[in-house]
Amino acid sequence: MVDYGIKLWSNDDFIIDDGVVKVNYKVKPALIDIVREAREKGYKGPLLLRFPHLIENQITKIYEAFHAAIREYQYQGCFKAVFPLKVNQMPNFVLPLVELSNDKCYGLEAGSKSELIVAMAYTNKGSPITVNGFKDKEMISLGFIAANMGHDITLTIEGLNELKTIIEIASEMAEPYPNIGLRIRLHSVGTGIWAKSGGITSKFGLTSTELLEAMKILEHSKLLHKFTMIHFHIGSQISDISPLKKAIREVGNIYAELRKMGAKNLTAVNIGGGLAVEYAQHESMNCKNYTLAEFSGDVVFSLKEIAKNKNELEPDIFIESGRFISASHAVLVAPVLELFSQEYEESALKLKEDSNPPLVEELNDLYNSITEKNAIEYLHDSLDHMESLLTLFDLGYIDLQDRSNTEVLVHLIIKKVIKLLKYKNHNEILKIQKSVQERYLLNCSFFQSLPDYWGLEQNFPVMPLDRLNRRPTRAASLWDITCDSDGEISFNPQMPLFLHDVDVSKEEYFLGFFLVGAYQEVLGMRHNLFTHPTEFSIIFDDELNKGYEIANLLEAQTIVDVLDDLDYDTKEIERILKQHIEDSDLDVETKKAVLGKLYVMLSENGYLRTISPQGVI
Ligand SMILES: *Cc1c(COP(=O)(O)O)cnc(C)c1O
């Protein structure tokens, strides 16, 4: 049975049971039931489901892994972590994260003034805040204000001028001051599509020459005692652990050298983010070559070795993992609106009485005489015939009805072949998948909900939410509803996706995209002016009847809200539209009715609502 590689990517957070995908927690609800419940409440279109227990789960995993390594190696330093807000700043993610980690000394990392404000408001007191990225005087002052408020904040310096600004502000503001971190420009680099943050050509960090200069400046301005941390980040989604090990050795030696030069309060090494998520749905397509235990073990072991060799204190270890913490908590659910070949039913076939072109007659014969034995041969023949017939059409030898009959017959043959070979000869079908693929139209926007697929070709695990005890037979390509040809996840024979042959005018079919909780939401763009999906959290509570509830509902924006965000004068738009209706030749009653309809639409979101005759999708 096809399991969509769930064992590879889900870490048992989701399981297949009884033909449906279930959340593997407490009462183990089926995703399809959660989706139906939301839709009964009227929320149609794409849905984003958040699972706060999975946020807690990931935080716990990281802490346990590092604590285990610390115990194993009898490491003297302690372990602390922050969540980098750039990976997910949405309140329905950040607030549960802060609440669920208040026993762990788990803080927030900010890379901009707005993120710093969020961190200052929500970081649990006593938990760390780190600030990275380029900073102006105002942002550094904000860091001082955070320290004044009692936050344990470290400003990581990206360049010497930032250090000079800190000194300037220190002379203007009261203590307590923030701690100072120095970001190091390593020569080690990560691998993979995000490996741009490391290396000597990196956008960030101080070279060794600048580090020496920074030490001098700090000493001279009597702020050396505030220098507590060194930091690096070699890029996101580190696929191979060896560059990380190299980076740790490099940074560990820099740490020891700086301490020897007099940085006595330098006690922390911040290893940034980069811990990878396994997105692969297919064996041999793995995104990473290490486990969390190996990662934490390597970090602790390397730092211990260096401290021992250089006879220095074992540093506290900070980590800023974002993707690893947030990816699993969100699932995008998209209703399938249409299968493109569904219109190719036998009833659509309109063969002529006696003047069909010979090749069409032949296609018809193939269709009627196809058997399990000749299926593949006939399929090849029919694809050849189709090519010839389309050429004949271009040359003007056959008419539109002939062309339509050709398309219908070829699709009927494909469907029949797939049916006949359901359990046998699957490999043969695999070879011709590309030509027999079915296109599934999804009610969502990849630009809005999976921007990294569009921008970086990052694949996210995708699977139907039900029918999992039925073999999926159609090689699938996925289309979103933007009118952009990039809004397509095409069929890839290296990582084939098979879906079920469903008649969506009679039955519902939903696809879930998993691991979409990192980076996708804020990066998501309003191409074609599609808004974010309606989102909600699933909160588990044994006290509740069902064992869980749908909470924190945030509806997709209405059309008016989207236009308003673009700074259109929506009152003016409404006025103009109303005027156009007023000026039309319609009678008074009709004008009223049309206007009424228009207003309803303006107050809904822009995703598709009705497609099938049955009504709302
Ligand atoms: C982006 C970023 C992170 C988070 O990286 P992940 O790969 O999501 O863990 C951590 N630290 C810094 C400085 C970053 O820029």
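Residues numbered from 1 in each chain as written. Predicted model: local features only at pLDDT ≥ 70, side-chain atom pairs only at ≥ 80, totals over all residues. Heavy atoms only, no water.

Turning to the overall build of the protein, a few remarks are in order. Counting secondary structure elements, the protein contains 22 helices and 20 strands. Dimensions of the protein, computed from the C-alpha atoms along their principal axes, are close to 100 × 65 × 55 Å. Within the protein, residue pairs in contact and separated by at least 24 positions form 76% of the contacts whose partners lie at least 6 positions apart. Approximately 27500 Å² of the protein is accessible, and the part contributed by carbon and sulfur atoms is 51%. (Helix = DSSP H or I, 4+ residues; strand = E, 2+ residues; numbered from the N terminus. Contact = heavy atoms within 4.5 Å. Areas by Shrake-Rupley, 256 points an atom, 1.4 Å probe, with all protein chains shown as cover.)

Sequence positions flagged by UniProt for "modified residue: N6-(pyridoxal phosphate)lysine" (unreviewed entry) are, in local numbering, Lys 86. In this fold, Lys 86 is placed in the loop between β4 (79–84) and α4 (91–100). According to the relative accessible area criterion, Lys 86 is partly exposed, its value standing at 45%. (UniProt positions renumbered as here; feature names shortened; annotations may be inferred. Buried < 20%, exposed > 50% of the residue type's maximum accessible area, 1.4 Å probe, protein only.)

Bringing the pairing of strand β11 (residues 316–319) into the picture now. In this sheet, β11 lies alongside β4 in parallel orientation, the contact comprising three bridges. If you follow Ala 81 over to β11, its bridge partner there is Ile 319. Viewed along the sheet, the connection from strand β10 (residues 268–270) through helix α10 (residues 292–309) into β11 turns out right-handed. (Pairing = 2+ DSSP bridges. Right-handed = clockwise from strand over helix to strand, strands pointing away.)

So, about the site of the ligand. Residues in close proximity to the ligand total 16 residues, the closest being Lys 86, Ser 236, Glu 320, Gly 322 and Tyr 519. One of the backbone N or O atoms of Gly 322 is found 2.8 Å from an oxygen atom in the ligand. Between the ligand and Arg 323 there is a distance of 2.9 Å, counted from an oxygen atom to a backbone nitrogen or oxygen. In isolation the ligand has 390 Å² of accessible area, and contact with the protein removes 93% of it. The residue makeup of the shell around the ligand, split by class, is three nonpolar, nine polar and four charged. (Near = heavy atom within 4 Å. Polar contact = N/O pair within 3.5 Å; in protein donor to acceptor, adjacent residues only side chain to side chain. Nonpolar A, V, L, I, M, F, W, Y, C, P; charged D, E, K, R; others polar.)

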